[in-house]
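Spelled out, the chains give:
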Amino acid sequence: MIKLGVNVDHVATIRQARMTYEPDPVTAAGLADLGGADVITIHLREDRRHVQDRDLELMCETVFTKLNLEMATSQDIVDIALKIKPGQITLVPEKRQEITTEGGLSVTSQKKILTNLTERFKDHGIYVSLFIDPDERQIVASRDVGAQSIELHTGSYANAKSDQQSSELLEKLNEAVTIARNVGLRVNAGHGLTYKNTGPIVEQLDIEELHIGHSIVSRAIFVGIEAAVREMKDLIYKHYMIKQSP
Ligand code: PXP
C-alpha cells in the first residue's frame, strides 16, 4: 500500500498570519495521525515563515509515525536536524520569495555538498530523500550522492492544462520511477496533489509514499483534519485496489 505523508506547514501558515498560538500544527499532526497519516511532514524554512523551532521540537516528541523534515542545506538548519534527528529528511531547494517549493533540487550542481550531508545524516540514523524533478540526470545524481530515496516533484502534472498533457506528464513520472528503481532508489512523490488528481498517480506509479499538504488542509477547514486525512487515505486505498485488480 502507498503510504500517505501529510504536510502540516499550511496550518502553521494560518497561525503565523496572526503571529498567534492557533491553529497549532502540533495538534494538527496528532489529529492527522488519528486520521491514518503514515508520515507527518514539516518544512523548517530558514526564514521561519510558517513552522517554528518549537513545532519541530514538540513534533519530534509527539509524532509516533514517521516525522519527515523538509529542509534546505543551510548550516543552521542542518545543525538543528542533527540535534533533533527526525526519522526522515527530504532536502528541498528554498527561495525566500517563493510561495511554496517551486522546482526540484539540482543535485547535479551540488554533488559534493549533498554527498557530505547525506553521509552525515545517515551516520545519525536519519533516512535521506531528495526532492527532484522527474529528470534522469537528477535521479542518477541522487543515487551517486548516497540518497536512499527521492521524492518526485508532481507539480507539473498537477498543473497540466489538458487531459493529454496530464497523461504525458504522468508517463514522464512513470519513466522516472522506473529509472530510480533500477538504480536502487525508493521513490516518493508529491506537490500539488489533490482529491481529484491523486487517483491516476496511485494507479500508475510504483511508489512508496505520497506527500500531500495544501489540499488536505484546505478540506480540513470544512470537515476537520482527521476526516480530511481519512478521506485521502480511503481514496489512495480505492485506487490502489483498482491497480491490483486483474
Ligand atoms: N513535497 C514537498 C517537497 C513540498 O515542498 C511540498 C509543499 O510543502 C509538498 C510535498 C506538498 O505540496 P502541497 O502542499 O502542494 O500538497
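See the structure shown above.
Parameters and conventions
Residues numbered from 1 in each chain as written. Predicted model: local features only at pLDDT ≥ 70, side-chain atom pairs only at ≥ 80, totals over all residues. Heavy atoms only, no water. Helix = DSSP H or I, 4+ residues; strand = E, 2+ residues; numbered from the N terminus. Buried < 20%, exposed > 50% of the residue type's maximum accessible area, 1.4 Å probe, protein only. Areas by Shrake-Rupley, 256 points an atom, 1.4 Å probe, with all protein chains shown as cover. Lys, Arg positive; Asp, Glu negative; His and termini not counted. Charge placed at Lys NZ, Arg CZ, Asp CG, Glu CD. Pairing = 2+ DSSP bridges. Axes fitted to C-alpha atoms, helices over the stretch in contact; angles between N-to-C directions. Contact = heavy atoms within 4.5 Å. Salt bridge = Lys/Arg side-chain N within 4 Å of Asp/Glu carboxyl O. Phe/Tyr/Trp six-rings, centres within 6.5 Å; stacked < 30°, edge-to-face > 60°. Lys NZ or Arg CZ within 6 Å of the ring centre and 35° of its normal.

(A) Representation of the overall build of the protein. Along the protein, the regular secondary structure elements total 11 helices and 8 strands. With respect to the three principal axes, the spread of C-alpha positions in the protein is 50 × 45 × 30 Å. Among the 246 residues that make up the protein, the fraction classed as buried is 49%. In the form shown here, the protein has an accessible surface area of approximately 11600 Å², with 51% of it arising from carbon and sulfur atoms. Between the mean site of the 28 positive side-chain charges and the mean site of the 35 negative ones, the protein shows a separation of 1 Å.

(B) Representation of the sheet that holds strand E3 (residues 66-71) within the structure. Pairing is parallel in the closed barrel, where 8 strands are placed in the order E1-E2-E3-E4-E5-E6-E7-E8. Going from strand to strand, the sheet's axes swing by 25° on average, the running direction of each strand aside. Relative to strand E7 (residues 186-190), strand E6 (residues 149-153) runs parallel, the two sharing 5 bridges. Directly across from isoleucine 150, in E7, lies its bridge partner valine 187. Here helix H6 (residues 136-144) sits on the sheet and contacts strand E5 (127-132) and E6; the angle it forms with E5, its principal contact strand, is near 165°.

(C) Here's a closer look at the pattern of salt bridges. Under the counting rule described, the total for this entry stands at 15 salt bridges. The salt bridge partner of arginine 15 is aspartate 55, with a shortest N-O separation of 2.6 Å. Here aspartate 55 lies in helix H3 (residues 53-62) and arginine 15 lies in helix H1 (residues 9-18), a separation of 40 residues in the sequence. On the basis of relative accessibility, which here comes to 4%, the residue arginine 15 falls in the buried class.

(D) Highlighting the packing of aromatic side chains. Counted by the stated rule, this structure contains 0 aromatic pairs. When the ring centre of tyrosine 195 is taken as reference, the NZ or CZ atom of arginine 219 above it lies at 3.6 Å.

(E) Local environment of the side chain of glutamate 70. Mapped onto the elements, glutamate 70 comes out in strand E3. No salt bridge is formed by the buried glutamate 70; its nearest oppositely charged neighbour, arginine 45, is found at 7.0 Å. Among all residues touching glutamate 70, those that are not within four sequence positions of it are Asn7, Thr41, Ile42, His43, Leu44, Thr90 and Val92.

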